[in-house]
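Coordinate analysis (summary)
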Amino acid sequence: MGPDNITALRSGSRGRIVMLVDNGVNGDSRVQKEARSAAEAGWDVVLLGKSPNKREQNWQIGGAEVRLLPVPQPMHRRRHEYRRAVLRSPLAYRPGPLAAYRRQKMKAWRADLNIRLIEATATGSATTKAKLVVPRLSAKVLSRWVELRFRKTSALEQRRRRMDSPLDRFTTAMWQRLMGGRAWRKLDPYLLDLELAYGKVIDELKPDLIHANDFRMLGVGARATLRARAGKRDVKLVWDAHEYLPGIKPWNSHPRWHVAQCLHELEYSKYADAVTTVSATLADMLVERHGLKKTPDVILNAPDGEVSREHADEPVPDLRELCGIGADVPLSVYSGAAATQRGLDIMVESLPRLPGVHVAFVVLRPTSAYMNGLAERAEELGVADRVHILPYVPHYQVVPFLAAANVGVIPIHHWPNHEIALITKFFEYSHARLPFVVSDVKTMGDMVAKTGQGEVFKADDVEDYVRAVKAVLKEPKAYRAAYDVPGLLEQWTWKAQAEALDRVYRALVPGGTSETVEDSAEVMA
């Protein structure tokens, strides 16, 4: 894409918004809806995400342009991981492919000598066999030496990943002491890889407003804002905080990762001109942690209440058909991220005590190690025929797709970040009018108990989970009746959230008219 195309604003635009997200966009319903609704409201929207490979990818979401950028990752490994550990492990090879190469070379050498011995034996050549004695002995000794060094190299790599030795803990604390809040640059330099991949593109786009989704994009957006202001351009920054960073279960096991992310977020949160987030509780926590002058606006990740014409004609997959079951078979569904802390194992472990009940997992990566583990456990329990692992459907099809189930399950464990918000699947299940079975995490458990739309069970308690599922399956109409309360579902639609987000944009970029452009896509109920 050439510079002219990069910088040209759409005719009649209220201004350019560059949205940033640290993923491939597909599977992230929140950013997709933000981009589409902002474009429908008259903004020129470019959504920048991360390409899964070395090629840039481009497509449209309604009137918004999506660009996935290649992100080279040379700094994904810390500097010490590129050096030999002469004192810590003197026998280990230097980092890189050398250890595997030397090991393979030894195997190839011994295999070749074995073939030569077979040939000499077949021809009866005693001389050739004698000549092979020394090389074979040398290969055997050297192979043992190389194997020892290979094991030492593997052990060193494992220790470097764990970084749990006294020396590792000392160096982590040392960098924090020496650099203070700037220590993330040493603890997780990959954050700078993201900056280098996104930064130049943001500068070329010359946005009026940058919308940074979550904590890793906050720094990228803040630095782009600072560069623009240094060049006398008045750019505004919106930080969309999806979660309470200190309270998450880190998805990267490296002990420096979480520390680095928290320091990075603290350094750049002060540059946000406005902050949005997903719940009132989290908004208050962000004010306290970051000293925000204004309480963040709450933008719920609610589903679309209507389907655009461009998507209305697309057939929605049949959940029960994909599971191979009929309409009379009890079906519990989970839709969303798949990880240990999400508690999905309880849905499999309970099946021997729930005869005839089937379970569907709708996840981004159906063949991930975690999902494969659940499938293996189902085999061990003899319930594999009742467990169905399916891929995501487009976000605008989620609600009608899930509506075919009998129960919507949210079995997440107690983590600080799980206690404070109504998550995406909560709203999706609600609009699908599914009775809930939800663990007793604070916000969602309290809401379900208040509305009567389902049963709450003790997290990670199979017996209580079984009780809750049986209760919902016995009287489903009583739980579905909660959705007939006037106004309940209407407040949980993306239309209301999009209007709230647009008010945030208009307050920061007041030059644009408050009137939306005529929708390019008519909608149907």
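Above: the structure in question.
One structure accompanies this document, and this report is about it. Computed from a prediction, not measured in an experiment: that's the story for all the values here.

Our focus in this paragraph is the packing of aromatic side chains. Going through the model one piece at a time under the given rule, you end up with 12 aromatic pairs. Centre to centre, the rings of Phe215 and Trp257 are 6.2 Å apart; their planes meet at 75 degrees, and the pair counts as edge-to-face. Of the two residues, Phe215 sits in helix 9 (residues 214-230) while Trp257 sits in helix 10 (residues 257-268), which places them 42 residues apart along the sequence. Each member of the pair, Phe215 together with Trp257, is buried.

A separate point is unusual backbone geometry. A positive phi angle, near 70 degrees, is found at Val25, a position not held by glycine. Looking at where Val25 falls in the secondary structure, it is placed in the loop between strand 1 (16-20) and helix 2 (29-40). Among the residues examined, Val25 registers a relative accessible area of 0% and is labelled buried.

A few words now on the sheet that holds strand 7 (residues 274-277). A sheet is described by the order of its strands in space; here eight strands give the open sequence 3-4-2-1-5-6-7-8, paired in mixed fashion. Two strands close off the open sheet at either side, each with one partner strand: strand 3 (57-61) and strand 8 (297-298). Across five bridges, strand 3 lies against strand 4 (residues 64-69) in antiparallel orientation. Opposite Asn58, over in strand 4, you have Arg67 as the bridge partner.

If you look at the biggest cluster of nonpolar residues, it comprises 61 residues, and the most contacted ones within it are Leu319, Phe361, Leu402, Phe426, Val437 and Tyr465. Beyond its immediate chain neighbours, meaning those up to four positions away, Tyr465 contacts Ile346, Met347, Ser350, Leu354, Val409, Val437 and Phe457. In this structure, Val46, Leu192, Ala224 and Ala228 belong to the second largest nonpolar core, which totals 42 residues.

Spatially, the six strands line up as an open sheet ordered 12-11-10-13-14-15, and their pairing is parallel. What marks the edges here is a single partner per strand, and that holds for strand 12 (387-391) and strand 15 (454-457). Neighbour to neighbour, the strand axes of the sheet diverge by 20 degrees on average, direction disregarded. Of the pairings in the sheet, the one linking strand 10 (residues 331-335) to strand 13 (residues 407-410) comprises two bridges and is parallel in character. Along strand 13, the bridge assignment pairs Ser332 with Val407.

What counts, and where the lines are drawn
Residues numbered from 1 in each chain as written. Predicted model: local features only at pLDDT ≥ 70, side-chain atom pairs only at ≥ 80, totals over all residues. Heavy atoms only, no water. Phe/Tyr/Trp six-rings, centres within 6.5 Å; stacked < 30°, edge-to-face > 60°. Helix = DSSP H or I, 4+ residues; strand = E, 2+ residues; numbered from the N terminus. Buried < 20%, exposed > 50% of the residue type's maximum accessible area, 1.4 Å probe, protein only. Pairing = 2+ DSSP bridges. Core = buried A, V, L, I, M, F, W, Y, C linked by side-chain atoms within 4.5 Å. Contact = heavy atoms within 4.5 Å. Axes fitted to C-alpha atoms, helices over the stretch in contact; angles between N-to-C directions.

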